[in-house]
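Structural overview
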Amino acid sequence: MPRIFITGSTDGLGRAAAGALIGDGHDVVLHARTRERAAALSDLAPDAAGVVTGDLSSAAETRDVAGQVNRIGRMDAVIHNAGVYLEPSRGTTADGHATTLAVNTLAPYLLTALTDRPDRLIYLSSGLHHAGAGAGSLRDIDWTSRPWNAARAYAESKLHLTALALTLARAWPDVLSNAVDPGWVPTRMGGPSATGDLQMGHLTQTWLAVSHDPAATVSGGYWYHRQRQAPAPQARDPAFQDQLLDRLAALTGVALF
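Please read these numbers as outputs of a predicted model, since none were measured by experiment. (Residues numbered from 1 in each chain as written. Predicted model: local features only at pLDDT ≥ 70, side-chain atom pairs only at ≥ 80, totals over all residues. Heavy atoms only, no water.)

Judged by nonpolar contacts, the single largest core of 38 residues is most densely connected at Phe5 and Leu164. Counting only elements with at least two residues in this core, the list comes to helix 3 (59-72), helix 4 (99-114), strand 5 (120-124), helix 6 (150-171) and helix 9 (238-252). For this core, the element with the highest residue contribution is helix 6, accounting for seven residues. In contact with Leu164, not counting residues within four places along its chain, are Tyr109, Tyr123, Leu244, Leu245 and Leu256. In terms of nonpolar packing, the next biggest core, distinct from the first, is built from 24 residues, Ala18, Ala38, Trp207 and Trp223 among them. (Core = buried A, V, L, I, M, F, W, Y, C linked by side-chain atoms within 4.5 Å. Buried < 20%, exposed > 50% of the residue type's maximum accessible area, 1.4 Å probe, protein only. Helix = DSSP H or I, 4+ residues; strand = E, 2+ residues; numbered from the N terminus. Contact = heavy atoms within 4.5 Å.)

Written out as structure tokens, the structure is:
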């Protein structure tokens, strides 16, 4: 059975995806931000292939998470689910970065670079990534010059993540790399007023992670409820993709290629 690593699997869509995959008999490696948060996985952990811990706002802890995953073994698929939404301020991580950028963009980039390459990669995006397009997205990617705008920062981080997924589809033809918009769903992040379908919100990424359906064994897609959608044109632009990868390599000190 495939072995799947899911970041941010203590609640919300990550936990729902983990529960569904474990229920179908797959080997799932769970992730929690801290050991205390890992206690929320007590019902899933006995049937999981492992639990790794680490705060993805920290580069050092993200590197450690990659090491923990590699010690368990090569994954067949990785679902990059962890993320933060509307941070009230830029914040400053231990590495000096905006928290939204660190968790939503830099951590998935680092994990992609430092974990053994899987057969499938799934990155959780958002329909809001369309609102992240524009010159400022890369010029001031870390929000060191612009006044903080939580919604804009989130949108830009999801644009970056979508572009990363499509970059890897182009650069790694042996890997199925896709981005998924789960919709606005009633999780801790989405809030109780969200109107999306929680079940459909996690089934697309589990389908892309393990299904042998010809519709699922493709690369370079941006998906919503198992239907391919058109991502923001900037996410598909090779020039933007290359500039993004250069910026992420400079910010993390790790080159993906």
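Next up on the list: the pairing of strand 5. Most of strand 5 is tucked away: five of the five residues are buried. With burial as the criterion, each face of strand 5 is covered, one bearing Arg120, Ile122 and Leu124 and the other bearing Leu121 and Tyr123. With helix 4 bridging strand 4 (residues 77-80) and the parallel strand 5, this β-α-β connection has right-handed handedness. Here strand 5 pairs with strand 6 (residues 176-181) via five bridges, running parallel. Bridge pairing links Tyr123 to Ala179 in strand 6. (Right-handed = clockwise from strand over helix to strand, strands pointing away. Pairing = 2+ DSSP bridges.)

Further remarks concern the pairing of strand 4. Of the two faces of strand 4, both are covered, the one formed by Ala77 and Ile79 as well as the one formed by Val78 and His80. Inspection of the sheet shows strand 1 (residues 3-6) paired to strand 4 by three bridges, in the parallel sense. Counterpart to Ile4 in the pairing with strand 4 is Ala77. Both strand 4 and strand 5 contribute to a ladder of four bridges, which runs parallel. Among the inter-strand pairings, Ile79 is bridged to a residue of strand 5, identified as Ile122.

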